[in-house]
Amino acid sequence: MRSAVVRLRMKGFLTNWSIRKRLLLAFLGVLIPYVGLVTVGVVGFSAVRETVAIIYDEATVELMAISRFHSALDHLDLSVRKLFVSGGSAERREVEQRLAEFRGAVAALSAPPWDHPDERRALETTLRGASVIEALTQEIAAAADVRADPGVPAKAERERLRELIREVGGVIHDLEKGVLREMAEAREHGAAAGEFGRDRL
């Protein structure tokens, strides 16, 4: 009974309104839900965009560390090759210099969080290989004359070092591809969220 009275009062109340007021009320009835939907869409898209930006920032740091490691590994390999060709004191100093750069690159590679399990495994493999590379390089640089005889230990260590550099280079290359793939997936996710928001609107 009470609800019927309320409806009658509302009907009478609206009947007393002008056409302009009733049109305005109808317009607001459509506009308010639309504004709410737009607000939800904007907030959701902003959250996705922020997430993508964070992923890109982290990936950029990781790629810079990978690039530095790649460069340091190549320079170290080249300096050892030159040592086997010339065997002079200048070449030994260059090996030590490149070894110091390599240590810095290893530290930089260890700095990012590397959240993905595959990335952490690749990093652990790389760090173990880097430790052996450093030790072999020091042994080679400390040898009296690495050019003296193909059978001396330095020659065998050089072959081990060369193989290990190839292996570590392959692992770090896979790590780089994983980071690039993560960036591509984040970009696609952000684009899909944007398209979904536009479709909803």
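Definitions and cut-offs
Residues numbered from 1 in each chain as written. Predicted model: local features only at pLDDT ≥ 70, side-chain atom pairs only at ≥ 80, totals over all residues. Heavy atoms only, no water. Helix = DSSP H or I, 4+ residues; strand = E, 2+ residues; numbered from the N terminus. Buried < 20%, exposed > 50% of the residue type's maximum accessible area, 1.4 Å probe, protein only. Contact = heavy atoms within 4.5 Å. Lys, Arg positive; Asp, Glu negative; His and termini not counted. Salt bridge = Lys/Arg side-chain N within 4 Å of Asp/Glu carboxyl O. Expected span 1.5 Å × (residues − 1). Phe/Tyr/Trp six-rings, centres within 6.5 Å; stacked < 30°, edge-to-face > 60°.

**Q** Break down the overall build of the protein chain for me, citing the residues and quoting the values.
**A** Within the protein chain, the regular secondary structure consists of five helices and zero strands. Reading the secondary structure of the protein chain in the N-to-C direction produces α-α-α-α-α. Looking at the protein chain as a whole, 29% of its 201 residues are labelled buried. Across the protein chain, the fraction of contacts at a sequence separation of at least 24, relative to all contacts at a separation of at least 6, is 78%.

**Q** Account for the side chain of E91, naming residues and giving values.
**A** Counting through the fold element by element, E91 comes out in helix α3 (residues 89-110). Buried and unpaired, E91 has no salt bridge, with K82 as the nearest side chain of opposite charge at 6.3 Å. Residues contacting E91, with those up to four places away along its chain left out, are K82, L83 and S86.

**Q** Which residues make up α3, and what values do they have?
**A** Taking 1.5 Å per residue as the helical rise, α3 with its 22 residues ought to reach 32 Å, and the 32 Å between its terminal C-alpha atoms agrees with that figure. Inspection of α3 places E91, R92, E94, V95, R98, L99, F102, A105, V106, A108 and L109 among the buried residues, and these make up the whole buried set.

**Q** Lay out unusual backbone geometry with the relevant residues and their values.
**A** At W114, a residue that is not glycine, the phi angle is positive and equals roughly 50 degrees. Tracing the sequence through the fold places W114 in the loop between α3 and α4 (117-142).

**Q** I'd like a rundown of the pattern of salt bridges, residues and numbers included.
**A** Pairing of side chains with opposite charge becomes possible as their charged atoms draw close. Considering all chains together, one arrives at ten salt bridges under this definition. Ionic pairing is found between R98 and E101, a salt bridge with its closest N-O pair at 2.9 Å. With R98 and E101 both in helix α3 and three residues apart, this pair spans about one turn of that helix. Looking at R98, the relative accessible area reads 19%, which means it is buried. In the salt-bridge network here, residues are joined through shared partners; they are K82, E94, R98 and E101.

**Q** Summarise the side chain of E94; cite the residues concerned and give the values.
**A** Position of E94 relative to the elements: it lies in helix α3. Its relative accessible area of 18% is what places E94 among the buried residues. Those residues in contact with E94 that lie beyond four places of it in its chain are S79 and K82.

**Q** Report on the packing of aromatic side chains, specifying residues and quantitative values.
**A** Evaluation of the coordinates by the stated rule reveals one aromatic pair. Consider the rings of F69 and F102, whose centres lie 5.4 Å apart with planes at 45 degrees: the pair is tilted. With F69 in helix α2 (residues 19-86) and F102 in helix α3, this pair connects stretches of sequence that are 33 residues apart. By relative accessible area, which is 1% here, F102 ends up buried.

Keep in mind these numbers describe shape, not what the thing actually does.
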